[in-house]
Amino acid sequence: MRKSLILGIETSCDETAAAIVRNGTEILSNVVNSQIEIHQQFGGVVPEVASRKHIENIAGVVQRAFYEAQLAYSAIDAVAVTNRPGLVGALLVGVSFAKAFAYGLEKPLIAVNHLHGHIYANFLEHKEIEFPAICLVVSGGHTSLLLMTDQNSMELLGETRDDAAGEAFDKVARFLGLGYPGGPAIQAAAAKGQAGQLKLPRVFLDRNDFEFSFSGLKTAAMNQWNKLQRRGQANVYDMAAEFQAALVEVLVEKSIKAAVKYQVRSVMMAGGVAANQELRNLMKNRAKEAGLKLFYPSLKLCTDNAAMIAANAHYHYGNRSFAPLSLNAHPSLLSL
Ligand code: KG4
Ligand code: ZN
């Protein structure tokens, strides 16, 4: 593989991020400017506000990435940017900046699929992943199970029919008044409660495929919550614990079922929801029982960052798969 020093830029949602990575594995800097505090007051990400904040932040975040890596702009070999999927206005800020930066420096431009970036966060930290592997991608916008025969072959086995896992966390947290982002808020509340005190459905668990559905779980949680409140029996900690348990159980059991069916060696997790401690614990236990190796990124690399974008770009750099300066941003996945 060709050697590379790549600037990664990520602005697909509410994090303005830039990182410099050497050869797809060595992080020289990884700067993340989170807008969480701004969006918290609205209970979720406001796309227009996110775009405007990216515009304010992007130049400073990129400058800081070079400063922390102690490098001159001209030292890099390529500029990589997330151009799909995500909030289109937010993506456009990163894409426009990356194009101008690459043009000014006379360096190639590389377009990165955000979900490939999440998966590559694993390769930044784990050199010993054995293939074939099942990869569970769980973020605010996606929930998919992939079969991977090597780092770059990703076959989609199944995905969510409706809400993504992170989206369900965020919506239920908002409904319960736990705040934004919902995943960490529900995890913290769940730690004070007990799963099983009330019962929520494990949707699609008994189906023989790898599809998911979380919209029904969300509605069931909301209906029960209303009922318990009317009876004066609502306990937000028990509700958070049961909701988290119901969602995590389905994610884990389907991943293990896929791993057994396809006789893989490893299970990988990627995306913001892979930061969830309950998910990590249950997957660890079940993978161990099934004789599978388990890999997931450290917390900082699970949620949105640009190091994972630069890591994936190293692969494209090796293939000389560069993007034209007419590169556009796309809200949807196009293809995995
Ligand atoms: O990957 P990510 O940072 O952005 C997207 O690509 O969507 O994922 C964000 C999602 C949010 O829905 C957030 O609530 C969820 O990841 N999340 C978590 C945890 N930390 C972040 N969900 C469950 N438990 C967590 N600890
Ligand atoms: Zn993400």
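Look up: the structure comes first, before these words.
Residues numbered from 1 in each chain as written. Chains lettered and ligands numbered in written order. Predicted model: local features only at pLDDT ≥ 70, side-chain atom pairs only at ≥ 80, totals over all residues. Heavy atoms only, no water.

Peer 1: Please explain the site of ligand 1 as it appears in this structure.
Peer 2: Surrounding ligand 1, one finds 20 residues, the nearest of these being H118, G140, D170, G183 and G272. For ligand 1, an oxygen atom lies 2.8 Å from a polar atom in the backbone of G140. Within the backbone of D304, a nitrogen or oxygen atom sits 3.1 Å from an oxygen atom of ligand 1. Taking 550 Å² as the accessible area of ligand 1 by itself, protein coverage stands at 89%. More than half of the atoms of ligand 1 fall within 2 Å of the grid points belonging to the largest pocket. Looking at the shell around ligand 1, the elements that each hand over two or more residues are helix 4 (114-125), helix 5 (165-175) and helix 6 (182-190). If you tally residues by element for the shell around ligand 1, the top one is helix 6, at four residues. Of the residues assigned to the shell around ligand 1, the class counts are five nonpolar, 13 polar and two charged. (Near = heavy atom within 4 Å. Polar contact = N/O pair within 3.5 Å; in protein donor to acceptor, adjacent residues only side chain to side chain. Areas by Shrake-Rupley, 256 points an atom, 1.4 Å probe, with all protein chains shown as cover. 1 Å grid on protein atoms, 1.4 Å probe; cavity = no way out; pocket = protein on both sides within 12 Å on 5 of 7 lines; lining within 4 Å. Sits in = over half its atoms within 2 Å of the grid points. Helix = DSSP H or I, 4+ residues; strand = E, 2+ residues; numbered from the N terminus. Nonpolar A, V, L, I, M, F, W, Y, C, P; charged D, E, K, R; others polar.)

Peer 1: Any chance you could explain the coordination of the zinc ion (ligand 2) here in plain terms?
Peer 2: Tetrahedral metal sites with four donors have an ideal angle of 109.5 degrees; octahedral sites with six donors have ideal angles of 90 or 180 degrees. Those donors, H114 (NE2), H118 (NE2) and D304 (OD), are the protein atoms that reach the zinc ion (ligand 2), and they lie 2.0 to 2.1 Å from it. Sequence positions of the donors to the zinc ion (ligand 2) reduce to the motif H-x3-H-x185-D. Placement of the pair is H114 in helix 4 and D304 in the loop between helix 10 (299-302) and helix 11 (307-318), with a sequence separation of 190 residues. For H114, a relative accessible area of 7% gives the class buried. (Donors = N, O, S within 2.8 Å, 3.2 Å for Na, K, Ca; no water. Buried < 20%, exposed > 50% of the residue type's maximum accessible area, 1.4 Å probe, protein only.)

Peer 1: Looking at this model, I keep getting lost on the side chain of R280. Mind explaining?
Peer 2: Along the chain, the position of R280 falls in helix 9 (residues 277-289). Buried and without a salt bridge, R280 has E125 as its closest oppositely charged side chain, separated by 7.4 Å. A distance of 2.7 Å separates the side chain of R280 from the backbone oxygen of A274, its partner in a polar contact. Reaching out from R280, the side chain makes a polar contact with the backbone oxygen of P297 at a distance of 2.8 Å. With residues up to four places along the chain from it excluded, the contact list for R280 reads M269, A274, A275, L294, Y296, P297, S298, L299 and C302. (Lys, Arg positive; Asp, Glu negative; His and termini not counted. Salt bridge = Lys/Arg side-chain N within 4 Å of Asp/Glu carboxyl O. Contact = heavy atoms within 4.5 Å.)

Peer 1: What's the story with the packing of helix 2 (residues 47-69) against helix 3 (residues 88-105) in this structure? I'm lost.
Peer 2: Each pair of packed helices can be described by the angle between their axes along with the distance between the axes. In the contact formed by helix 2 and helix 3, the axes pass within 9 Å of each other and the chain directions differ by 40 degrees. Relative to helix 3, helix 2 is oriented oblique. Relative to helix 3, the crossing made by helix 2 is right-handed. Taking contact as the criterion, the partners of S51, H54, I55, I58, A59, V62 and F66 in helix 2 are, on helix 3, G89, A90, V93, F97 and F101. (Axes fitted to C-alpha atoms, helices over the stretch in contact; angles between N-to-C directions. Parallel < 35°, antiparallel > 145°, perpendicular 65-115°, else oblique. Left-handed = near helix turned anticlockwise from the far one by under 90°.)

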